[in-house]
Amino acid sequence: AQSVTQLGSHVSVSEGALVLLRCNYSSSVPPYLFWYVQYPNQGLQLLLKYTSAATLVKGINGFEAEFKKSETSFHLTKPSAHMSDAAEYFCAVSDSGGGADGLTFGKGTHLIIQP
Amino acid sequence: DGGITQSPKYLFRKEGQNVTLSCEQNLNHDAMYWYRQDPGQGLRLIYYSQIVNDFQKGDIAEGYSVSREKKESFPLTVTSAQKNPTAFYLCASTGGAGETQYFGPGTRLLVL
């Protein structure tokens, strides 16, 4: 069975500082990995996805993530935080062809940006 | 514009009542999904359908039912057997294996 662990239910950074949101996964096969962002009372928006083409994945809004098989990690980073980045972030995994049978989500990390 | 619509935005359920949440997509996607979101719990899969007239249970299907009579529509019924229905419900769709799952704006279900 696949699973996702997001370390830290809340992460607080200063505006302009590095953002690092951690995600570790378990999967019995090479996984597909996703990061989604959710603003209050809205649906989820895809930030980026890993589908084995490249280990460093660039997404929208300046975010990127690196797939590290040896560490079973897929951490999300952004060099400089902006106030508009304040939101809930979810890491998700699928080992069934990129989510055809549904995604398994982590519990989410609430990103707080301090002015 | 292509996308996923969910209605209503807020829904109130009385004790013992069944309620139905609507999900419609015009993305021509074959696969559709229902997730439940609770605070601090992430999203959990309720049901999914990869093709019309076929659907499978997800991780937390008890107390829920679905139908898939049309490609565009995947309604979710929360039955009276679901004892803790208060949550945010999200519908998603995808064009197939390896494709992105796109999400609707969600329906918040509250119990009176």
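Every value quoted in this text rests on a predicted model; they were computed, and no experiment measured them. (Residues numbered from 1 in each chain as written. Chains lettered and ligands numbered in written order. Predicted model: local features only at pLDDT ≥ 70, side-chain atom pairs only at ≥ 80, totals over all residues. Heavy atoms only, no water.)

Some thoughts on the side chain of Thr77 of chain B
Residue and element names in this part refer to chain B. Following the sequence through the fold, Thr77 ends up in strand β8 (residues 76-78). Its relative accessible area of 18% is what places Thr77 among the buried residues. Side-chain polar atoms of Thr77 contact the side chain of Thr20, separated by 3.0 Å. If near-sequence neighbours (up to four positions away) are discounted, Thr77 is found in contact with Asn18, Val19, Thr20, Gly63, Tyr64 and Ser65. (Helix = DSSP H or I, 4+ residues; strand = E, 2+ residues; numbered from the N terminus. Buried < 20%, exposed > 50% of the residue type's maximum accessible area, 1.4 Å probe, protein only. Polar contact = N/O pair within 3.5 Å; in protein donor to acceptor, adjacent residues only side chain to side chain. Contact = heavy atoms within 4.5 Å.)

Re the packing of aromatic side chains
Across all of its chains, the model carries 15 aromatic pairs over all chains by this definition. Measuring from ring centre to ring centre gives 6.0 Å for Tyr25 of chain A and Phe67 of chain A, while their planes differ by 25°; the resulting arrangement is stacked. On the criterion of sequence distance, the pair formed by Tyr25 of chain A in strand β3 (residues 19-26) and Phe67 of chain A in strand β7 (residues 64-68) is long-range, its members being 42 residues apart. Tyr25 of chain A gets classed as buried once you look at its relative accessible area, which sits at 9%. Taking the relative accessible area as the measure of exposure, Phe67 of chain A reaches 9% and is therefore buried. Taken together, Phe34, Tyr36, Phe90 and Phe105 of chain A together with Tyr33, Tyr35, Tyr48 and Phe103 of chain B form an aromatic cluster joined through their ring pairs. Here Arg68 of chain B stacks its cationic end above the ring of Phe74 of chain B, 6.0 Å away from the centre of that ring. (Phe/Tyr/Trp six-rings, centres within 6.5 Å; stacked < 30°, edge-to-face > 60°. Lys NZ or Arg CZ within 6 Å of the ring centre and 35° of its normal.)

Describing the interface of chain A and chain B
Many structure descriptions define interface size as the accessible area lost when the parts assemble. In this assembly, 20 residues from chain A lie in contact with 21 residues from chain B. For the chain A and chain B pair, buried surface summed over both sides reaches about 1700 Å², with 48% attributable to carbon and sulfur atoms. At the boundary of chain A and chain B, one finds zero salt bridges. At the boundary of chain A with chain B, the tally comes to five residue pairs in polar contact (both at pLDDT 80 or more). At the level of elements, β4 (32-38) and β5 (44-50) of chain A are the ones that each hand at least two residues to the side of chain A that touches chain B. (Buried area = accessible area lost by both parts, 1.4 Å probe. Salt bridge = Lys/Arg side-chain N within 4 Å of Asp/Glu carboxyl O.)

Things to note about the pairing of strand β2 (residues 10-13) of chain B
Two faces belong to every sheet, and in a regular strand the side chains alternate between them. Residues and elements named next belong to chain B. Of the two faces of β2, the one lined by Leu11 and Arg13 is fully buried and the one lined by Tyr10 and Phe12 carries no buried residue. Sheet analysis places β2 next to strand β11 (residues 107-111), joined by four bridges and oriented parallel. Along β11, the bridge assignment pairs Tyr10 with Arg108. (Pairing = 2+ DSSP bridges.)

Considering unusual backbone geometry
Following Ser7 of chain B, the chain continues into Pro8 of chain B via a peptide bond in cis, with omega recorded as -10°. The backbone phi angle of Thr72 of chain A is positive, close to 45°, even though this residue is not glycine. Considering the arrangement of structural elements, one finds Thr72 of chain A in the loop between β7 and β8 (73-78). Looking at Thr72 of chain A, the relative accessible area reads 32%, which means it is partly exposed. The phi torsion at Asn53 of chain B lies on the positive side, around 65°, for a residue other than glycine. Here Asn53 of chain B is to be found in the loop between β5 (42-51) and β6 (54-57). Of the residues examined, Asn53 of chain B reaches a relative accessible area of 63% and is grouped as exposed.

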